[in-house]
Amino acid sequence: MQNTPPIVSRQDWEAAREQLLTKEKAVFRARDALAAERRRMPWMAIEKAYEFVGPTGKASLIDLFEGRRQLIVYRAFFEPGVFGWPEHACRGCSLGADQVSNLAHLNARDTTLAYVSRAPQADIARLKARTGWKMPWYTITDSFDADFGVDEWHGHNVFFRDGDRVFRTYFINSRGDEAMGTVWSYLDATALGRQEVWEDSPEGYPQTPPYKWWNWHDNYEAEKSVNPRWAKVSDAGEAAFRNDAGATP
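Rules used in this analysis
- Throughout this document, residue positions are counted from 1 along each chain, in the order its sequence is written.
- This being a predicted model, a pLDDT of at least 70 is required before a residue's local features are given, and a value of 80 or more before pairs of side-chain atoms are given or counted; all residues contribute to the totals for chains, interfaces and linings.
- Each side-chain value is derived from all of the structure's non-hydrogen atoms; neither hydrogens nor water enter the calculation.
- Grid spacing is 1 Å over the protein atoms alone, the probe is 1.4 Å, and a cavity is where that probe fits but cannot get out, while a pocket is an open set with protein on both sides within 12 Å along at least five of seven lines and lining residues have an atom within 4 Å of a point.
- Grid points are joined across faces, edges and corners, and a volume is the space filled by probe spheres set on the points.
- Polarity classes work like this: nonpolar for Ala, Val, Leu, Ile, Met, Phe, Trp, Tyr, Cys and Pro, charged for Asp, Glu, Lys and Arg, and polar for all others, with Gly in that last group.
- At least two DSSP bridges between two strands are needed for those strands to be called paired.
- Strands here mean DSSP runs of E at least two residues long; helices mean DSSP runs of H or I at least four residues long; both are numbered from the N terminus.
- Only rings of Phe, Tyr and Trp enter the pairing, Trp through its six-membered ring, and a pair is recorded when the two centres are within 6.5 Å. The plane angle decides the type: under 30 degrees is stacked, over 60 is edge-to-face, the rest tilted.
- Charge over a ring is defined by NZ of Lys or CZ of Arg lying within 6 Å of the ring centre and within 35 degrees of the ring normal.
- Each residue is placed in one exposure class: buried if its accessible area under a 1.4 Å probe, protein chains only, is under 20% of its type's maximum, exposed if it is over 50%, and partly exposed if it falls in between.
- By the criterion applied in these results, polar contacts are pairs of N or O atoms within 3.5 Å in which, for protein atoms, one can donate a hydrogen and the other can accept it, and in which residues neighboring in sequence qualify only through two side-chain atoms.
- Contacts are assigned to residue pairs that have any heavy atoms within 4.5 Å of one another.
- Here the expected span of a helix is defined as 1.5 Å times the quantity of residues minus one.

With that out of the way, let us pick up the layout of surface pockets. Which parts of space are left empty comes out when a probe the size of a water molecule is rolled across the atoms. The volume enclosed by the second largest pocket comes to roughly 570 Å³. Lining the second largest pocket we find 23 residues, and of these Trp213, Trp214, Asn215, Tyr220 and Glu223 sit closest to its centre. Looking at the lining of the second largest pocket residue by residue, the class counts come to 9 nonpolar, 7 polar and 7 charged.

This part covers the sheet that holds strand 5 (residues 111-117). Overall, mixed pairing links the 8 strands, which are arranged 1-8-7-4-5-6-2-3 in an open sheet. The open sheet has two edge strands, strand 1 (44-45) and strand 3 (57-60), and neither has a second partner. With 6 bridges joining them, strand 4 (residues 70-75) and strand 5 adopt parallel strand pairing. Bridged to Ile72 within strand 5 is Leu113.

Inspection of every chain in the model, using the stated rule, returns 17 aromatic pairs. Aromatic pair Phe144 and Phe159: ring centres 6.3 Å apart, planes at 45°, arrangement tilted. Highlighted residues: Phe144 in helix 6 (residues 144-147) and Phe159 in strand 7 (residues 155-162), separated in sequence by 15 residues. Taken together through their ring pairs, the aromatic side chains of Tyr74, Phe78, Trp85, Tyr115, Trp133 and Trp137 make up a single cluster. Here the guanidinium or amino end of Arg38 rests over the ring plane of Tyr170, the centre of that ring lying 4.8 Å away. The ring of Phe171 has Arg168 lying over it, and the distance from NZ or CZ to the ring centre is 5.0 Å.

Here we take up the side chain of His156. Within the secondary structure layout, His156 lies in strand 7. Given a relative accessible area of 4%, His156 falls into the buried group. Within the local environment of His156, its side chain forms a polar contact with the side chain of Asp177, the two groups lying 2.6 Å apart. With residues near it in sequence (within four places) discarded, His156 still touches Ile72, Val73, Tyr74, Tyr170, Phe171, Ile172, Asp177, Met180 and Tyr186.

A few words now on helix 1 (residues 10-38). The first and last C-alpha atoms of helix 1 sit 41 Å apart over 29 residues, in line with the 42 Å expected at 1.5 Å per residue. Where helix 1 is concerned, the buried positions are Leu21, Asp32, Ala35, Ala36 and Arg38. The elements touched by buried residues of helix 1 are strand 8 (165-173) and helix 7 (183-188).

Geometric values such as these leave the question of function open.
If you want it as structure tokens, here you go:
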């Protein structure tokens, strides 16, 4: 391969890496600040009643929350007229679906992820069975996609539920969708954020110590409180990170 970077000694490589690391940490801090601004975005009240179809029948927008306070809805293109139909969803949407991490961790932060498309449920079930995707996936039956800017292109709409009232809090589309898939990218898009004490959030927002709430994905229900042994390990980890002045908790 031509035009490669210089080949240097270990010492010079470490020095170059440290120089770039300073810039990378600045990017992390900027992302934290941007997420803090996002948590202060105004909310839009949802006045219209939307109807979807899920595996068990009709579902409202509130039903998509599955009892949690926050909901992220990704509009995936899987329907007649889309390249790949009926065997495949859109290639880009499929790549994004492959990135979705185990949703138990997101659910543990009172947040639900759901996919929506215009394909019938039988086709969605068949696609999920073949690909191994686990996210809830509903059929759009009305103007939801047009009303929320995802009738022609993919996107993530973020909602918050206060009792029977639902609010739109944020929207991510275009290249922003490329970064989605981890528990952190999803939580950073929500109104409540990661809900950890180091975050700059409005007064009264739910916050707990970092790391303490982490668990094995199949153990959240069994272990409702923080395991003392994990608390000790996470305390040591947090102290190590905090000793690095440029680190993000």
